[in-house]
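One-letter residues, chain by chain:
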Amino acid sequence: MKLISTLGTSPGGLVESLVNLRRGTYASLGVNQPVKIDEIYVVRTRGEEVERAFRILRALLLCCVKESPPLRDVPLDLNDVDSPEDYAKFRGAVLKLVSPGDYVDVTGGRKVMSVAAAVVARERGAHVLTTLISTKEYARVTEEARKLNENSLDLSAGCSKDTSLCSLLSPQAVTVLLH
């Protein structure tokens, strides 16, 4: 199964979604079972803040998650999704990735990106999920990400000994399977 996600300026949620799916510790109306995720696809726009968020996400997966599946980057030639043409381009990119039974995480990205991903998931018979954290916890994680040393994101020599990176993961995060 694939986990497909949108990404904006904050990497929040995707890693917690992955961990909760794999453990079977997500909220749903059905029976929760651990989910095997083979690949992660991140569909994103461009821009300095989005690039930094992607670097943080990659570092979190490599340094803070045991046996993380491969991360596939799907950068689009868009600064934002703010027109019908941009929406169509973004939706088309997601449409190429989603297959029946996949998991589409609508936690990250702009609202219109999440809506596009959710609509595609429903059309393709995929699951839709999101991960929630409190406003206070979101503020904490955002501030920690802002202060994060850029050396922590340079993975050329492996994971940094700087433990602040993994503090970006919220133990209070709740993943909800919406469909």
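Owing to the predicted nature of the structure, the values given are computational and were not obtained by experimental measurement.

Asker: What exactly am I supposed to notice about the pattern of salt bridges here?
Answerer: The tally for this structure, following the rule as stated, stands at 11 salt bridges. Put simply, K2 and D102 hold a salt bridge, and the shortest N to O gap is 3.0 Å. In this pair, K2 sits in strand 1 (residues 2–7) while D102 sits in the loop between helix 3 (84–97) and strand 4 (103–105), placing the two residues 100 residues apart along the sequence. In this structure K2 comes out as buried when scored by relative accessible area, which is 16%. The closest approach of N and O atoms between K36 and D38, which form a salt bridge, is 2.5 Å.

Asker: Quick question: what am I supposed to make of the sheet that holds strand 3 (residues 71–75) here?
Answerer: What links the strands of a sheet is backbone hydrogen bonding, and the strands pair in either a parallel or an antiparallel sense. Strand order in the open sheet formed by 6 strands is 3-2-1-4-5-6, and the pairing between neighbours is mixed. The open sheet has two edge strands, strand 3 and strand 6 (174–177), and neither has a second partner. With direction set aside, neighbouring strand axes in the sheet form an average angle of 25 degrees. Pairing of strand 5 (residues 127–132) with strand 6 involves 4 bridges; the strand directions are antiparallel. Looking at the pairing, L129 lines up with L177 of strand 6. Helix 3 contacts strand 1, strand 2 (39–44) and strand 3 of the sheet and is inclined by roughly 170 degrees relative to strand 2. Strands in contact with helix 4 (residues 111–124) are strand 1, strand 2, strand 4 and strand 5; relative to strand 1, the strand with the most contacts, it is inclined by about 155 degrees.

Analysis parameters
Residues numbered from 1 in each chain as written. Predicted model: local features only at pLDDT ≥ 70, side-chain atom pairs only at ≥ 80, totals over all residues. Heavy atoms only, no water. Salt bridge = Lys/Arg side-chain N within 4 Å of Asp/Glu carboxyl O. Helix = DSSP H or I, 4+ residues; strand = E, 2+ residues; numbered from the N terminus. Buried < 20%, exposed > 50% of the residue type's maximum accessible area, 1.4 Å probe, protein only. Pairing = 2+ DSSP bridges. Axes fitted to C-alpha atoms, helices over the stretch in contact; angles between N-to-C directions. Contact = heavy atoms within 4.5 Å.

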